[in-house]
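# Per-entry structural report
Each chain, letter by letter, is given below.
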Protein chains: 2
Amino acid sequence: MKTVRVSIIGFGAVGQGVAKAILSTKETLIEQGIDLRVVGISDSKGSEINAGGIDLKRALERKKQKGTVAKCKDDALEIIKNVEHEIVVEATPTNIKNGEPGSSNMFAAFGSGKHVVTSNKGPLALRFSELKEAAEDNGVFFRYEATVGGAVPIFNLIHEALAGNRVIGIEGILNGTTNYILTRMAEERLTYELALKEAQELGIAETDPSYDVEGIDSACKLVILANSVFGRAATYRDVEVTGITKITPEALELASKNNYVVKLICEAGNGTLTVAPRLVPKKHPLAVGGTLNVASILTDLAGRITISGKGAGSIETASSILSDILYIVRNS
Amino acid sequence: MKTVRVSIIGFGAVGQGVAKAILSTKETLIEQGIDLRVVGISDSKGSEINAGGIDLKRALERKKQKGTVAKCKDDALEIIKNVEHEIVVEATPTNIKNGEPGSSNMFAAFGSGKHVVTSNKGPLALRFSELKEAAEDNGVFFRYEATVGGAVPIFNLIHEALAGNRVIGIEGILNGTTNYILTRMAEERLTYELALKEAQELGIAETDPSYDVEGIDSACKLVILANSVFGRAATYRDVEVTGITKITPEALELASKNNYVVKLICEAGNGTLTVAPRLVPKKHPLAVGGTLNVASILTDLAGRITISGKGAGSIETASSILSDILYIVRNS
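Reference entry: report on the structure contained in this document.

About the criteria used
- Residues numbered from 1 in each chain as written.
- Chains lettered and ligands numbered in written order.
- Predicted model: local features only at pLDDT ≥ 70, side-chain atom pairs only at ≥ 80, totals over all residues.
- Heavy atoms only, no water.
- Helix = DSSP H or I, 4+ residues; strand = E, 2+ residues; numbered from the N terminus.
- Buried < 20%, exposed > 50% of the residue type's maximum accessible area, 1.4 Å probe, protein only.
- Contact = heavy atoms within 4.5 Å.
- Arc of directions from axis to C-beta.
- Least-squares fit on C-alpha atoms with pLDDT ≥ 70 in both.
- Pairing = 2+ DSSP bridges.
- Axes fitted to C-alpha atoms, helices over the stretch in contact; angles between N-to-C directions.
- Disulfide = S-S within 2.5 Å.
- Buried area = accessible area lost by both parts, 1.4 Å probe.
- Salt bridge = Lys/Arg side-chain N within 4 Å of Asp/Glu carboxyl O.
- Polar contact = N/O pair within 3.5 Å; in protein donor to acceptor, adjacent residues only side chain to side chain.
- Nonpolar A, V, L, I, M, F, W, Y, C, P; charged D, E, K, R; others polar.

### A look at the side chain of Ser119 of chain B
Residues and elements named next belong to chain B. Within the secondary structure, Ser119 is located in the loop between strand E5 (115–118) and helix H5 (121–137). Among the residues examined, Ser119 registers a relative accessible area of 10% and is labelled buried. When near neighbours in sequence (up to four residues on either side) are disregarded, Ser119 contacts Val14, Glu90, Ala91, Ala146, Thr147, Thr317 and Ile321.

Below, the structure written as C-alpha cells:
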C-alpha cells in the first residue's frame, strides 16, 4: 500500500468537491494500492490537521454547519510548510490582480519540496513561468488540469495522450457562462440583458458578471494553455480580448439563417492570443451549446482532436484535481 | 539519453506510418532525451535487421520501389524473439477469423519479455483477456490505443486523463466509412448504394465493404473498449449488431425534419454491447459528420466527456502508436 498525504488549501466549492471526490473513490483507490489521506485542510478562518487522515465526512459537515473547517488557528502557509505531506491541493479563490494568496501558497509548497495540484487560475495567468521554474528547481510536479476546462482533461490530452505530436494551434470555448448566454440568445431570441439575467438567476453567472462576459476568464485560461503548450511566458494582459456584451439577437439570427452560431472563441496559434466572438458553422465540432466547454487541438500527426465536457461545477473540477493527484502518485 | 529499441512487425500503411512518424519526431525526442531506434522491420516477404538502428528513409523507399522491405529471410517471429529490443509494434493486418498472425506475434513478444503496442484489432476482439494476462504474467506493457478510434486517444483519456473516475457508459461512432456514407446520404439525399459507390471511389470504403457496413468493424472496436474499460472478457461475437445497409434516404430525411441525424452508434453500458443505427439530435456532441470518429464517455465525477477526431489514416493511426510507445518509455 502506497500512502499519499495531501493538504487541501481553500475549502470553498472546489476544496469541498475534492474532499467529496476523495471520499467517493477511497475504496477503488485502496483496491489499486493507494491510501490517499488528507492530513490538512485550511480555509480563511483556520485549519484542521490530522497526521493519520482527517475524517472528511465530518469536516464537510462542520463546514456546512459552522461555515468553517477550523479546529485550530494555523493558516495555509503553516500547514503547507509544517505538516508532513507530499501534495498540496491549492484551491483558494482566483485573484487576477496579484494572484494572492495562491502564488505564495504555491511557492511555499515548492520551496518545501511538495507537489502542487491547483484549480487556481490567478497565479498561473500572471506568473506561470516563475511557478514552473520553482517546481523544476525543487524537483516536484506542478499540475493544473482544473484551471482550464473544468472536467475536460485538456492538458493531459495534449501532454500525455497526444505525446509525440506537435501542437500547431488551439481553439476553444473555455467559459461556460458566456456559452450559456449566447446559446440562450440564439435559441430563444433573447436580448443579451435578458439572457444574462436568466443565467444569474440560475447561478450560472455572477452578480458582477464582468469577469466572464468581458472575456477575462477566457483570456486567463487561454494564456495558461498557451504557456503550457507552446512554452510561452505570456500573462492574460497579452491577450487581445473582445467580450460578448455588444452582441445582438439580430446578429445571432442572421448567423443562424446562414447556418452559423456565434461563440466566444479562444485562439492560440503562431504568435496569436485572442478571445473574441466568432462565427462557427453549426456542424463544426466547436459548436457546442449550453454551459459546455470545448477545445480543438490541431496537431501535425493526429490532425484535429476535439474534446468537450462540463467546464465548471465543484465535483467536475475535483475530477481534474483527482486525476492530477493520481498522475503524481503514478509518476513519483 | 535513454535508448529505446523498437521492431515494426507488418509494414503496410500503418507500419510505414509509424516509420514516418518516428522520422518526423526524431529530433524532438532526442531533445527530450529519448533515442528511439527501429532495429527490425518485417513484412510478408522478409525483414531488415540493424542493431544500430535502421535507416527509415531508405527502408520506406525500398518498400515503395520493390514492394518489400526485405533484406533477409527472417520472419516476424524470429525478429520478435531473437533481435534484442524493448517494444514490438504489431501492425499486421486485422484478421477477425482467428486473429493470426497478430495473436502469435503478440504472445511471442510477451513470452520474450517485450512490450507490445498494436493497431491490430483481430487478436483483441477475439482473445483480449488471454493477451492481457500474458502481458501481466511477463511484467510488460500491452498498449492498443490505435485499435479504436484511429488518432483519437480514447484509452488514454479513460485510463489516464480521467483517472479516479468510474466509467458508467460509453457511446460512440467508431467507424469512419459508415459515418461518411450516412453523412452523404443525409446531405445529398443519396441512396445507400450511391453513397457507398462514392465512398469506394474515394478509397473510404473497401471493394468488399461488408466488414464496415454490416457493423463488424464497429463491433470489434466496441468489444475492445468494453473489455479494457469494464474488465469484461467478451468477443466481438457477443455484440448485438445491426448494420446500415437497409437505411433509406427517406428515413434520413424524416429524421432531419425533426432535427435528428442517423448514426451507427456503438454502445457499452451495464451489461449491454450493441452496434445499431440510432437517431441522434443534430446538436448532440455525438452528431459528428464525414469520416470522423467520436466517443462520449459518461463518468461519475467528470460527467460526460466527448472526444472526436480522425478515425483512420496511416499517419493518424501512427500518432496513437507513437503515444503508446512514449507512454511505455515514460513508465518503464
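### Some words on helix H11 (residues 249–257) of chain B
All names here are of chain B. Within the sequence span of H11, burial applies to Pro249, Leu252 and Ala255. The buried side chains of H11 occupy one side of the element, clustering within an arc of 120° when seen end-on. Residues of H11 that are exposed and point over 90 degrees away from its buried face: Glu250, Leu254 and Lys257. The inward-facing, buried residues of H11 contact helix H7 (176–188), strand E9 (260–268) and strand E10 (273–281). One or two steps after H11, the chain reaches Asn259, where phi turns positive at roughly 65°.

### Quick look at the relation of the copies chain B and chain A
Superposing chain B onto chain A requires a rotation of 180° together with a translation of 0.0 Å along the rotation axis, leaving an RMSD of 0.0 Å. As the rotation angle and translation indicate, the two copies are arranged about a two-fold axis. When C-alpha positions in chain B are compared against the rotation axis, the closest is assigned to Ile307 of chain B, at 2.1 Å. Of the residues that chain B buries at the interface, 97% are likewise interface residues in chain A, meaning the two copies contact each other through the same surface.

### Points about the sheet that holds strand E9 (residues 260–268) of chain A
Here we have 12 strands laid out as an open sheet, ordered E8(A)-E10(A)-E9(A)-E7(A)-E11(A)-E12(A)-E12(B)-E11(B)-E7(B)-E9(B)-E10(B)-E8(B), and mixed in their pairing. Because the sheet does not close on itself, it has two edges, and the strands there are strand E8 (240–241) of chain A together with strand E8 (240–241) of chain B. Across 9 bridges, E9 of chain B lies against E10 of chain B in antiparallel orientation. From the neighbouring strand, Lys263 of chain B faces E10 of chain B, where its bridge partner is Arg278 of chain B. Against the sheet, H7 of chain B touches strand E7 (167–173), E9 and strand E11 (292–299) of chain B, its axis set at about 160° to E9 of chain B.

### A few points about the state of the cysteines
Residues and elements named next belong to chain B. Enumeration according to the criterion identifies 0 disulfides over all chains in this entry. For the unlinked cysteine Cys220, the closest cysteine sulfur is that of Cys266, found at 10 Å. According to the relative accessible area criterion, Cys220 is buried, its value standing at 0%.

### Some points on the interface of chain B and chain A
Each partner contributes to the interface: chain B provides 35 residues, whereas chain A provides 34 residues. Summed over both sides, the interface between chain B and chain A buries roughly 2,700 Å², with carbon and sulfur atoms accounting for 57% of that surface. Contact with chain A buries area across many residues of chain B, yet Ala161, Leu301 and Arg330 of chain B alone supply 20% of it, more than any other trio. The partner of Glu187 of chain A in a salt bridge is Lys283 of chain B, with the nearest N and O atoms 3.4 Å apart. Joining chain B to chain A, the criterion identifies 8 residue pairs in polar contact (both at pLDDT 80 or more). Going through the elements one at a time, helix H1 (13–31), helix H6 (154–161), strand E12 (304–310) and helix H12 (314–331) of chain B are the ones with two or more residues in the side of chain B that touches chain A. The element contributing the most residues to the side of chain B that touches chain A is H12 of chain B, with 8 residues. A class-by-class count of the residues in the side of chain B that touches chain A yields 16 nonpolar, 12 polar and 7 charged. Strand direction decides the pairing type here: strand E12 (residues 304–310) of chain A and E12 of chain B, joined by 3 bridges, are antiparallel. Pairing of Thr306 of chain A across the sheet is with Ser308 of chain B, part of E12 of chain B.

### A few points about the pattern of salt bridges
On inspection of all chains with the given rule, the structure shows 41 salt bridges over all chains. Across the pair Glu48 of chain A and Arg62 of chain A runs a salt bridge whose closest N-O atoms are separated by 2.5 Å. In this pair, Glu48 of chain A sits in strand E3 (residues 46–49) while Arg62 of chain A sits in helix H2 (residues 56–66), placing the two residues 14 residues apart along the sequence. In this pair, the class of Glu48 of chain A matches that of Arg62 of chain A, namely buried. Connected through shared salt-bridge partners, Arg184, Glu187, Glu188 and Glu198 of chain A together with Lys283 of chain B make up one network.

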